[in-house]
Amino acid sequence: MQIYWQLIWAYLKIGVFGFGGGYAMLSLVEKLVVTPGWVSETMFTDIVAISQMTPGPIGINSATYIGYVAPANVDPMFAGPLWGILGSVLATLAVTLPSFFLVIYLSHFIKKHHESGAIKGIFSGLRPVVVGLIASAAILLMNAANFNPEGTSFQLTANILIAVVAFCLAFFAIPWRGKKVKMHPIFIIILAGLAGYLLYGL
């Protein structure tokens, strides 16, 4: 049962210190779940991809999935679905409850002291940290598990090309009927999935 206490403790820390949303906390999540061997680096990147595509915050989605698979990966005795559901519930509650109580308390505190120079200074310091953490998450995901799991030059080149095209479609506006529009992220995900299927699924 030790794995369940470890899951609770790990996700309590993520819930308390995971500033800036799911992407900003990815490096912290990766350190706490991959380093002890609960999931592999390849599985972690797959979980991140699935968590991005499914409804809900990436931090909660990944906690639910990792909570489900971690017990069985650590000890085959916990391989049943009920053990996985227990891990999912505990990890999800552990990551959400600290934020729930912190937001309730801090919303009243900030509302009361929003003109305080100290509060403004704290937020001025947190903003660049969040940007740095998101950049760290982007670098963290630029690994072989994402771009070249089979170790072939064709796969590496194709995946880099898909990433570059997806970035350009998301960042730059496309001329369309006399206007410039940005492609919706859902369409970019669908196109990327189709490209992956044509390249690797056929």
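Scroll up for the structure.
Below or above, wherever it landed, is the structure these notes cover.

Basis of the calculations
- Residues numbered from 1 in each chain as written.
- Predicted model: local features only at pLDDT ≥ 70, side-chain atom pairs only at ≥ 80, totals over all residues.
- Heavy atoms only, no water.
- Helix = DSSP H or I, 4+ residues; strand = E, 2+ residues; numbered from the N terminus.
- Contact = heavy atoms within 4.5 Å.
- Areas by Shrake-Rupley, 256 points an atom, 1.4 Å probe, with all protein chains shown as cover.
- Lys, Arg positive; Asp, Glu negative; His and termini not counted.
- Charge placed at Lys NZ, Arg CZ, Asp CG, Glu CD.
- Core = buried A, V, L, I, M, F, W, Y, C linked by side-chain atoms within 4.5 Å.
- Buried < 20%, exposed > 50% of the residue type's maximum accessible area, 1.4 Å probe, protein only.
- Phe/Tyr/Trp six-rings, centres within 6.5 Å; stacked < 30°, edge-to-face > 60°.
- Expected span 1.5 Å × (residues − 1).
- Bend = angle between axes of the 7 residues up to and from the residue.
- Polar contact = N/O pair within 3.5 Å; in protein donor to acceptor, adjacent residues only side chain to side chain.
- Patch = residues over 30% accessible without salt bridge, like charges linked within 9 Å, V, L, I, M, F, W, Y side chains within 5 Å.
- Salt bridge = Lys/Arg side-chain N within 4 Å of Asp/Glu carboxyl O.

1. Some words on the overall build of the protein
For the protein, the helix and strand inventory stands at nine helices and two strands. The N-to-C order of helical and strand elements in the protein reads α-α-α-α-α-α-α-α-β-β-α. Intrachain contacts of the protein at a sequence separation of at least 6 include 55% that bridge at least 24 residues. Working note: accessible area of the protein is about 12,900 Å², and carbon and sulfur atoms make up 74% of it. Here the protein holds 10 positive side-chain charges and 6 negative ones, and the gap between their average locations is 23 Å.

2. What about the nonpolar core?
Counting residues in hydrophobic clusters, the biggest one holds 28 residues, and the most contacted among them are Y11, V29, V33, V39, F44 and I66. Secondary-structure elements contributing two or more residues to this core are α1 (2-17), α2 (26-33), α3 (41-53), α4 (58-74) and α5 (81-113). Here this core gets six residues from one element, more than from any other, and that element is α1. Apart from residues no more than four positions distant in its own chain, V39 is found in contact with V33, V34, F44, I47, I66, V69 and N73.

3. A closer look at the packing of aromatic side chains
The description of an aromatic ring pair rests on the distance of the ring centres and on the angle between the ring planes. Under the criterion given, the structure shown has seven aromatic pairs. Seen in terms of ring centroids, Y4 and F78 are 5.4 Å apart; in terms of plane orientation they differ by 80°. Their pairing is edge-to-face. Of this pair, Y4 sits in helix α1 while F78 sits in the loop between α4 and α5; the two residues are 74 residues apart in sequence, bridging distant segments of the chain. This pair shows no difference in class: Y4 is buried, exactly as F78 is. Judged by centre distance (5.0 Å) and plane angle (85°), the ring pair of F171 and F172 falls under edge-to-face. You can call F171 partly exposed: its relative accessible area is 48%.

4. Description of α4
With 17 residues, α4 extends 23 Å between its outermost C-alpha atoms, agreeing within 8% with the 24 Å of an ideal straight helix rising 1.5 Å per residue. The largest bend along α4 measures about 25° and falls at G67, with the proline P71 one to four residues further on. All buried positions along α4 are accounted for by I58, G59, N61, S62, A63, I66, G67, V69, A70 and P71. At its buried positions, α4 is contacted by α1, α2, α3 and α5.

5. Considering the environment of T157
Of note, T157 is situated in helix α8 (residues 153-171). For T157 and F147, which are ten residues apart along the polypeptide, the C-alpha to C-alpha distance reads 8.4 Å.

6. With respect to the side chain of N148
Relative to the elements of secondary structure, N148 occurs in the loop between α7 (144-147) and α8. With a relative accessible area of 17%, N148 lands in the buried category. Separated by 3.0 Å, the side chain of N148 and the backbone nitrogen of T152 make a polar contact.

7. Points about a nonpolar patch on the surface
A cluster of nonpolar residues, Y68, L82, I85, V89, L93, L97, F100, F101 and I104, forms a patch on the protein surface that exposes about 880 Å² of accessible area. No other element matches α5, which puts eight residues into the nonpolar patch. Inspection of the secondary structure assignment puts Y68 in helix α4. Overall, Y68 belongs to the partly exposed group, its relative accessible area being 37%.

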